[in-house]
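Here are the chains, one letter per residue:
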Amino acid sequence: MPTPAAVIKRRLGDLEARAVELHERIAVLQREAAQVEEQVTRWRIGGEVFEEVEQELREGRAGGRATGADDASEVAAAEGGGESSQAVTGAEPASRYVPQWSEGADPARLPGLYAKIVEFVSGADGPVRVPDVVRALFGEGASRSRHEGVRVQLKRLVEREWLAAGDGRCFTAVSR
């Protein structure tokens, strides 16, 4: 007949082995989840690009000629001379992804997620942070890279005067 100490020792050994097995399975599942999240991100980005191109085609702006700039100013903007070429020609550089806010500008015409971000922030009761926007647009399980992408988009919208940022982390709609 086994002693109580032997029974406890055997059960403890079984439980420890089971815990190791579960931790190994968790590690495998975490790696698989990371791979699937990468694929989800790629497909989301691909869908956004598709929507942007489709919008450009509907608006008749296909081919990167949204501003009607000539080839020389487009090349200068692409080569990093966007500011100087803008000053010389007086035209908005073609490389600008989000236009500067202007009177009568329609946020619904912003490309990709930018319109959805402006809509969400404008409809919020107060200042919002990056995680709030990410949760609203992508749900609870959004990846860290999604957070960083939305942070960049929010900052770009502030830079182009579509939104305001009090402390750089809280974003609000601009009162006009």
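No experiment lies behind these values; they were computed from the predicted model shown. (Residues numbered from 1 in each chain as written. Predicted model: local features only at pLDDT ≥ 70, side-chain atom pairs only at ≥ 80, totals over all residues. Heavy atoms only, no water.)

**Points about the side chain of Glu52**
Step number 1: Mapping Glu52 onto the fold places it in helix H1 (residues 4-59).
Step number 2: For Glu52, a relative accessible area of 16% puts it in the buried group.
Step number 3: When sequence neighbours within four positions are dropped, the list of residues in contact with Glu52 reads Tyr97, Pro111 and Gly112. (Helix = DSSP H or I, 4+ residues; strand = E, 2+ residues; numbered from the N terminus. Buried < 20%, exposed > 50% of the residue type's maximum accessible area, 1.4 Å probe, protein only. Contact = heavy atoms within 4.5 Å.)

**Some words on unusual backbone geometry**
Residues other than glycine predominantly adopt negative phi, and peptide bonds predominantly adopt the trans conformation.
Step number 1: In this model, Glu161 sits at a positive phi of 70°, which is unusual for a non-glycine residue.
Step number 2: Within the fold, Glu161 resides in the loop between helix H5 (144-159) and strand E1 (163-165).
Step number 3: Look at Glu161 and you get partly exposed, because its relative accessible area is 42%.

**Re the confidence of the model for the protein chain**
Step number 1: On average, residues of the protein chain score 79 in pLDDT, and 80% of them are at 70 or above.
Step number 2: Confidence drops under a pLDDT of 50 for residues 64-95, and excluding neighbours within four residues, the segment shows 25 contacts in the predicted structure. (pLDDT = per-residue confidence, 0-100.)

**What about helix H3 (residues 113-123)?**
Note on helix geometry: an α-helix contains 3.6 residues per turn, so any two residues three or four positions apart are oriented the same way.
Step number 1: Taken residue by residue, H3 has Leu113, Tyr114, Ala115, Ile117, Val118 and Val121 as its buried positions.
Step number 2: In this structure, the buried side of H3 is in contact with H1, helix H4 (130-138), H5, E1 and strand E2 (171-173).

**Let's talk about the nonpolar core**
Step number 1: The biggest cluster of nonpolar side chains holds 21 residues, and the ones touching the most others in it are Leu110, Ile117, Val150, Leu154 and Leu157.
Step number 2: Going through the elements one at a time, H3, H4 and H5 are the ones with two or more residues in this core.
Step number 3: Ranked by residues supplied to this core, first place goes to H3 with 6 residues.
Step number 4: Once you skip the residues sitting within four places of it in the chain, Leu110 turns out to touch Val98, Pro99, Ala115, Val118, Leu157 and Trp162. (Core = buried A, V, L, I, M, F, W, Y, C linked by side-chain atoms within 4.5 Å.)

**Focus: H5**
Step number 1: Here H5 contains 16 residues, and its C-alpha end-to-end distance of 23 Å stays within 8% of the 22 Å for a straight helix at 1.5 Å per residue.
Step number 2: Of all the residues in H5, the buried ones are Arg146, His147, Val150, Gln153, Leu154 and Leu157. Along H5, the residues classed as buried sweep out an arc of 125° about the axis, all on the same side. Opposite the buried face of H5, at more than 90 degrees from it, the exposed residues are Arg144 and Glu159.
Step number 3: Residues of H5 that are buried in the fold lie against H1, H3, H4, E1 and E2.
Step number 4: Downstream of H5 by a residue or two, Glu161 has a phi angle that is positive, lying close to 70°. (Expected span 1.5 Å × (residues − 1). Arc of directions from axis to C-beta.)

**Points about the packing of aromatic side chains**
Step number 1: Per the stated rule, a full pass over the model turns up 0 aromatic pairs.
Step number 2: The ring of Phe138 is capped by Arg146, whose NZ or CZ atom sits 4.0 Å from the centre of that ring. (Phe/Tyr/Trp six-rings, centres within 6.5 Å; stacked < 30°, edge-to-face > 60°. Lys NZ or Arg CZ within 6 Å of the ring centre and 35° of its normal.)

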